Amino acid sequence: MADFKDEELTGVEDIFENDELVLMKATFIRNSETVIETAVGIKDTVGDIVRIITVNKKVL
C-alpha cells in the first residue's frame, strides 16, 4: 500500500473478501493530510496476503 515514510496508519476497512483476494480501504495521515488508499491484497493457498497492490490513492 503506502511507503510508510512519515505517515501514520489510522484505519483499515475490508470492502470485499473471498478465498483469493481482499479489497481494502486504508486511511493514513501523511504530512498533516489525510490519504485514502484502495488496494487489493492477493492471497496464497492458505489465505495469507502475500502481495498488496494499490489501485487508487486520494488525498483529502
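Because the structure is a prediction, the values reported are computed rather than measured.

Participant: Go over the overall build of the protein with me, naming the residues and quoting the values.
Facilitator: In terms of regular secondary structure, the protein is built from 0 helices and 4 strands. Mapped in sequence order, the helices and strands of the protein form the string β-β-β-β. Here the C-alpha coordinates of the protein stretch approximately 40 × 20 × 15 Å along the principal axes. By residue count, 23% of the 60 residues in the protein fall in the buried class.

Participant: I'd like a rundown of the environment of Ile53, residues and numbers included.
Facilitator: Among the structural elements, Ile53 can be located in strand E4 (residues 49-59). On the accessibility criterion, Ile53 (32% relative accessible area) is partly exposed. With 17 residues separating them along the chain, Ile53 and Ile36 place their C-alpha atoms 14 Å apart. Ignoring anything within four residues of it in the chain, the contact list for Ile53 reads Thr38, Ala39, Val40 and Ile42.

Participant: Go over unusual backbone geometry, please, and point to the residues and values.
Facilitator: Positive phi, close to 50 degrees, is recorded for Asn31, a residue that is not glycine. You can see Asn31 is positioned in the loop between strand E2 (21-30) and strand E3 (33-43). Backbone geometry at Ser32 places phi at a positive 65 degrees, although glycine is not the residue there. Examined against the element boundaries, Ser32 turns out to sit in the loop between E2 and E3. Ser32 sits in the exposed class, given a relative accessible area of 74%.

Participant: Hey, could you go over the pairing of strand E1 (residues 7-17) for me, with residue numbers and the actual values?
Facilitator: Bridge count for E1 against E2 is 9 bridges, and the pairing is antiparallel. Opposite Phe16, over in E2, you have Leu23 as the bridge partner.

Participant: How would you explain the sheet that holds E3 if you had to name every residue and give the values?
Facilitator: Spatial ordering of the open sheet is given by E1-E2-E3-E4, a layout of 4 strands whose pairing is antiparallel. At either margin of the open sheet sits one strand with a lone partner, and together these are E1 and E4. Neighbouring strand axes in the sheet, compared pairwise and without regard to direction, differ in orientation by 25 degrees on average.

Conventions and cut-offs
- Residues numbered from 1 in each chain as written.
- Predicted model: local features only at pLDDT ≥ 70, side-chain atom pairs only at ≥ 80, totals over all residues.
- Heavy atoms only, no water.
- Helix = DSSP H or I, 4+ residues; strand = E, 2+ residues; numbered from the N terminus.
- Buried < 20%, exposed > 50% of the residue type's maximum accessible area, 1.4 Å probe, protein only.
- Contact = heavy atoms within 4.5 Å.
- Pairing = 2+ DSSP bridges.
- Axes fitted to C-alpha atoms, helices over the stretch in contact; angles between N-to-C directions.

In short, geometric facts, not functional conclusions.
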